[in-house]
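The residues making up each chain are set out below.
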Amino acid sequence: MSPSSFDHLKRLLAIGTAYRGRRTILPYFPSRLWVEATSHCNLRCPLCPNRDLAPEQRGFMSFDLFKKVVDQAAGKVHDLYLFHRGEPLLHPQLPEMIAYARERGIPARLHTNATLLTSAVAARLLEAGPALVSFSFDSVDEETYNRRRPPASFIETLSRIEQFLILKSRGKPNKMTTVLQIMVPPKAGPKAGPEGPALRNLSARLKTLGLDRVVVRRPHNWGGLIPTGASSDHQLRKAGSCTFPWYALVVYWDGSVGPCPQDFQGRMVVGRADADALTGIWNGPELIDLRERLARKDYRELTVCSDCDRPRRRQVAGVPLEYAWRFFKDQV
């Protein structure tokens with residue numbers, strides 16, 4: 001077992017013990033940080049509530065705030081997801097952010113729609129050295145992709161992903177993991193599903209260029225903001241106790257801190273990273289109260305949580321079954 005895998009296992013054991021014991025004051029730092037480089041996005045996807053963000057909710061995180069967050073997390077956090085509501089490649093200092101986190105010993109993971117991934121941007125990213133780059137591609141069908149990802153082009157985006165993989169293979173050896181993420185609607189037919197020929201062909205094509213894996217996911221509803229067409233079984237199943245407040249924090253571009261990346265509108269603010277220490281926020285009164293409510297499965301007055309489909313999905317140890325294995329294996 002590698003040191004990283006052993007570290008991940010120890011963290012999971014600590015989180016699992018606290019979660020099962022319904023502890024509300026936690027003796028460890030959050031394992032994962034979502035840090036929002038920007039809330040701006042260049043696409044207008046119908047299954048994403050970004051298009052509905054108010055002007056005052058859009059902005060770019062300052063590099064000084066980013067460094068403040070990373071400096072507090074260094075030596076404590078397992079990894080850092082450098083994305084949330086927007087397209088991270090829009091941030092002009094994104095490579096510097098990735099490099100700074102890496103220098104402080106924190107693996108940075110990036111999720112991008114890849115539409116801005118020009119050769120120049122790709123070269124800067126490869127030099128910065130993220131631990132993982134995930135491409136949010138959404139559909140393997142050109143017509144469906146173009147409809148879901150306006151104004152992106154299926155052919156152009158796929159070409160940029162391929163070029164990135166080629167540049168990566170030609171560069172100096174690194175341990176970066178590359179992932180293609182496909183979103184499949186709940187009622188998708190077999191041709192569009194995870195075993196469909198189109199996805200198999202695309203997967204084989206990209207893996208010859210060095211792609212590590214393909215992940216197929218079902219859309220979630222972002223705390224009730226987006227109707228997903230999920231089955232009634234999804235909608236009526238009794239909610240479990242969500243794990244997010246036991247292992248993660250979200251830092252929005254403006255410094256506000258939330259307990260959950262499903263809270264797209266940032267309605268559950270538990271502190272300010274530009275004014276407060278993350279350790280204080282982590283065991284502050286707002287998060288303690290939230291953990292107490294979730295431990296009792298009391299969703300009254302928790303608007304985001306009560307409307308969220310994530311705790312209603314089939315679970316194992318509090319993690320939705322559909323990606324529990326990847327979570328425990330430390331994969332996207």
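Anything mentioned here points back to the structure above.
Bear in mind the structure is a predicted one, so any value in this text is a computation, not a measurement.

How each quantity is defined
- Going along each chain's sequence as written, the residues are numbered from 1 onward.
- The predicted nature of this model means local features are confined to residues of pLDDT at least 70 and side-chain atom pairs, given and counted, to a pLDDT of 80 or more, with totals for whole chains, interfaces and linings taken over all residues.
- Hydrogens and waters are ignored; side-chain quantities use all the structure's heavy atoms.
- At least two bridges found by DSSP between two strands is the condition for calling them paired.
- The way it works is that DSSP assigns letters per residue, a run of H or I at least four long becomes a helix, a run of E at least two long becomes a strand, and they are numbered from the N terminus.
- Contacts are residue-level and defined by heavy atoms, with any inter-residue pair within 4.5 Å sufficient.
- Between N-to-C directions, angles span 0 to 180 degrees; the directions come from axes that are lines fitted to C-alpha atoms, helices contributing only their stretch in contact.
- Exposure classes here rest on a 1.4 Å probe applied to the protein chains alone. A residue is buried below 20% of its type maximum, exposed above 50%, and partly exposed in between.
- These descriptions rest on fixed angle ranges, namely under 35 degrees for roughly parallel, over 145 for roughly antiparallel, 65 to 115 for roughly perpendicular, and the rest for oblique.
- In a left-handed crossing the near helix is turned counterclockwise from the far helix by less than a right angle, and in a right-handed crossing that turn is clockwise.
- A clockwise path from the first strand over the helix to the second, with the strands pointing away from the viewer, defines a right-handed crossover.

### Brief notes about the sheet that holds strand E9 (residues 271–272)
Move 1: The nine strands are arranged E6-E5-E4-E3-E2-E1-E7-E8-E9 in an open sheet whose pairing can be described as mixed. Each of the sheet's edge strands pairs with one partner strand only, and the pair in question is strand E6 (213–217) and E9.
Move 2: Across three bridges, the pairing between strand E1 (residues 32–35) and strand E2 (residues 79–81) is parallel. Within E2, the position partnered with Arg32 by the bridge is Asp79.
Move 3: Its contacts with the sheet put helix H2 (residues 63–73) on E1, E2 and strand E7 (248–251), and the angle it makes with E1 is roughly 180°.

### Observations concerning unusual backbone geometry
Move 1: In the segment running from Pro150 into Pro151, the intervening peptide bond is cis, with an omega of 0°.
Move 2: Among the structural elements, Pro151 can be located in the loop between helix H5 (142–148) and helix H6 (154–170).
Move 3: In this model, Arg22 sits at a positive phi of 55°, which is unusual for a non-glycine residue.
Move 4: By the element assignment, Arg22 lies in the loop between helix H1 (3–20) and E1.
Move 5: The exposure class assigned to Arg22 is partly exposed, which follows from its relative accessible area of 30%.
Move 6: With phi around 50°, Trp222 is a residue other than glycine that occupies positive phi space.
Move 7: If you trace the backbone, Trp222 turns up in the loop between E6 and helix H8 (232–236).
Move 8: A residue is classified by how much of its surface remains accessible, and Trp222, at 15% relative accessible area, is buried.

### Observations concerning the packing of H2 against helix H3 (residues 94–103)
Move 1: Contact geometry of H2 with H3 gives a least axis separation of 10 Å together with a crossing angle of 20°. Comparing their axes, H3 and H2 come out roughly parallel. Considering how the two elements wind past one another, H2 and H3 form a crossing that is right-handed. Contacts between H2 and H3 involve Phe63, Phe66, Lys67, Val70 and Asp71 on the former and, on the latter, Glu96, Met97, Tyr100 and Ala101.

### Considering the pairing of strand E4 (residues 132–136)
Move 1: Among the five residues that make up E4, five are buried, leaving the element largely enclosed by the rest of the structure.
Move 2: Side chains Leu132, Ser134 and Ser136 project from E4 onto one buried face, and the interleaved Val133 and Phe135 project onto a second face that is buried too.
Move 3: Across four bridges, the pairing between strand E3 (residues 108–112) and E4 is parallel. Opposite His111, over in E4, you have Ser134 as the bridge partner.
Move 4: For the handedness criterion, the β-α-β arrangement of E3, helix H4 (residues 119–128) and E4 is classed as right-handed.
Move 5: Where E4 meets strand E5 (residues 177–183), five bridges bridge the pair, whose relative direction is parallel. Pairing of Ser136 across the sheet is with Gln181, part of E5.

### A short note on the environment of Val269
Move 1: Among the secondary structure elements, Val269 is positioned in the loop between strand E8 (256–258) and E9.
Move 2: A residue is classified by how much of its surface remains accessible, and Val269, at 41% relative accessible area, is partly exposed.
Move 3: Counting along the chain gives 12 residues from Val269 to Val257, while the straight-line C-alpha distance between them is 5.6 Å.
Move 4: Setting aside residues up to four positions removed in sequence, Val269 forms contacts with Ser256 and Val257.

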